[in-house]
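As a plain string of letters, each chain reads:
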Amino acid sequence: MHNGRSARGPVFALAILAVGSVFFSLCMGAVDVPAQTVFRMLLSKLPLLGEKVSVSWTETEETIVLLTRLPRVLLGLLVGCSLAFSGACMQTLVRNALADPYVLGVSYGAASFAAIGLATGLFSFLGVYQNAVNGCVGALLSIAFVYFYSLRRGKICIDRLLLGGIALALFEKAVVKIVAVLHPQVFLHSNSAFWTQGGLAGARWAYLGWPALLLIACFAFLGTHHRALNALLCGEDAACSLGIRANRSQKVFLLANSVMVGITVSVSGGIGFAGLIAPHVARLWVGAPHRRMLPVSALLGGIFVLWCDVAARTLLRPEELSVGILTALVGGPAFLFLLRRKEI
């Protein structure tokens, strides 16, 4: 039986591991930078301490580490945390261990709307933010459609929610292919791969602000309502008997979770398996109660995506793989292993 303190050790250990992973991932890439150089470089940017550090690195190395890799690494950690957190919540909301953040067609919703935006120039006045905004809007529209489709007498029908999401994802995937064929000049393969396989190569400091704030707000909201999530895990009737307004809670949690996924997809594309594997590993480690499981799941997902991205940019350097390919290569066998052990 897990007690209230059982997650403190895992959370602390994972937090240390996450910080170490961020540091060492800054050293690795198409061009390796010595760990000592990276450490001194980071110290030089700290107030008070920075003045005491002598510059012993080149301007190129500083550009690589601080302007290219650091925002990419932080985005990867944030995306992984978001996907795992969202996956844990989604598995609770639909009461299905195989659910992941994209179960409602969110990923292909973002991809299809981005494709239409590239073909028609929708939101082109936003410049570099065009794809991100189109992707976020597409994800949220997909969620809205599946939500209203799933309603039956004012309540969410879980079966309709899941089946509607699967059907919509297949339709949206067809839209992506059609637009790519009809408008190859504006919807290149690289753009298609970003939305379907994920990518962090385009990360910039300017892209981190609003997604980080909104994602942290969603983390805080869902995390502070862990008791309601625990109750919903037992079913709507059980939740109502505990004083939880199950129908209202489902709607609010689904909306918050969907906003989180929509924002994540808009900045990283569709990265699979992080939101499916991390919650299961977290439950095996600290148990099912969400107060313990959610932070552990988020940290596991962040570390997983971060190291998959490191592998994606180092295995075939100077060529680079899509991070979604690495998460699938690692996550697929891991998921099969858990199924084999009947842990899922």
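How each quantity is defined
- Residues numbered from 1 in each chain as written.
- Predicted model: local features only at pLDDT ≥ 70, side-chain atom pairs only at ≥ 80, totals over all residues.
- Heavy atoms only, no water.
- UniProt positions renumbered as here; feature names shortened; annotations may be inferred.
- Helix = DSSP H or I, 4+ residues; strand = E, 2+ residues; numbered from the N terminus.
- Buried < 20%, exposed > 50% of the residue type's maximum accessible area, 1.4 Å probe, protein only.
- Contact = heavy atoms within 4.5 Å.
- Areas by Shrake-Rupley, 256 points an atom, 1.4 Å probe, with all protein chains shown as cover.
- Lys, Arg positive; Asp, Glu negative; His and termini not counted.
- Charge placed at Lys NZ, Arg CZ, Asp CG, Glu CD.
- 1 Å grid on protein atoms, 1.4 Å probe; cavity = no way out; pocket = protein on both sides within 12 Å on 5 of 7 lines; lining within 4 Å.
- Points joined across faces, edges and corners; volume = space filled by probe spheres on them.
- Nonpolar A, V, L, I, M, F, W, Y, C, P; charged D, E, K, R; others polar.

Looking at an unreviewed UniProt entry, the protein carries the name Iron ABC transporter permease, with the source organism given as Candidatus Pullichristensenella excrementigallinarum. The Sequence similarities (unreviewed entry) comment attached to the protein in UniProt states, word for word, "Belongs to the binding-protein-dependent transport system permease family. FecCD subfamily."

Q: Hey, could you run me through the overall build of the protein in this one?
A: The helix and strand inventory of the protein stands at 14 helices and two strands. Principal-axis analysis of the C-alpha atoms gives the protein an extent of 65 × 55 × 40 Å. Burial status across the protein gives 50% buried among its 344 residues. Here the analysis covers contacts within the protein between residues at least 6 apart in sequence; of these, 75% occur between residues at least 24 apart. About 16,500 Å² of surface is accessible on the protein, with carbon and sulfur atoms providing 67% of the total. Separation of charge centres in the protein, based on 27 positive and 14 negative side chains, amounts to 12 Å.

Q: For this particular structure, what's the right way to read the layout of surface pockets?
A: One water molecule sets the probe size; rolling that probe over the atoms shows where empty space is left. Approximately 560 Å³ is the volume attributed to the largest pocket. Together, 27 residues line the largest pocket, and Phe 194, Gly 199, Ala 201, Gly 202 and Val 267 are the ones closest to its centre. Of all the secondary structure elements, the ones that give two or more residues to the lining of the largest pocket are helix H3 (59–93), helix H5 (130–150), helix H7 (189–197), helix H11 (246–268) and helix H13 (290–314). When the residues that make up the lining of the largest pocket are grouped by side-chain class, the tally is 16 nonpolar, eight polar and three charged. Counted as a void, the second largest pocket has a volume near 370 Å³. Lining the second largest pocket are 20 residues, and of these Asp 100, Tyr 102, Val 103, Ile 166 and Ala 169 lie nearest its centre. When contributions to the lining of the second largest pocket are tallied by element, the ones reaching two or more residues are helix H4 (106–120) and helix H6 (158–182).

Q: Is there a simple way to think about unusual backbone geometry in this case?
A: Excluding glycine, residues mostly have negative phi values, and the peptide bonds linking residues are mostly trans. Between Arg 317 and the following residue, Pro 318, the backbone shows a cis peptide bond with an omega angle of 10°. Relative to the helices and strands, Pro 318 resides in the loop between H13 and helix H14 (323–340). With a phi angle near 60°, Phe 123 is a residue other than glycine that sits in the positive phi range. When you line up the elements, Phe 123 lands in the loop between H4 and H5. Phi is positive for Phe 273, which is not a glycine, with a value near 75°. With respect to the helices and strands, the residue Phe 273 is situated in the loop between H11 and helix H12 (274–286).

Q: Would you mind going over the UniProt feature "transmembrane region" (unreviewed entry) in the protein with me for this structure?
A: Here, the residues flagged by UniProt with the feature "transmembrane region" (unreviewed entry) are residues 73–94, 106–126, 132–149, 161–182, 202–222, 252–281, 293–312 and 321–339. Within residues 252–281, the helical portion is 83% and the strand portion 0%, while the C-alpha atoms at the span's ends are 26 Å from each other.

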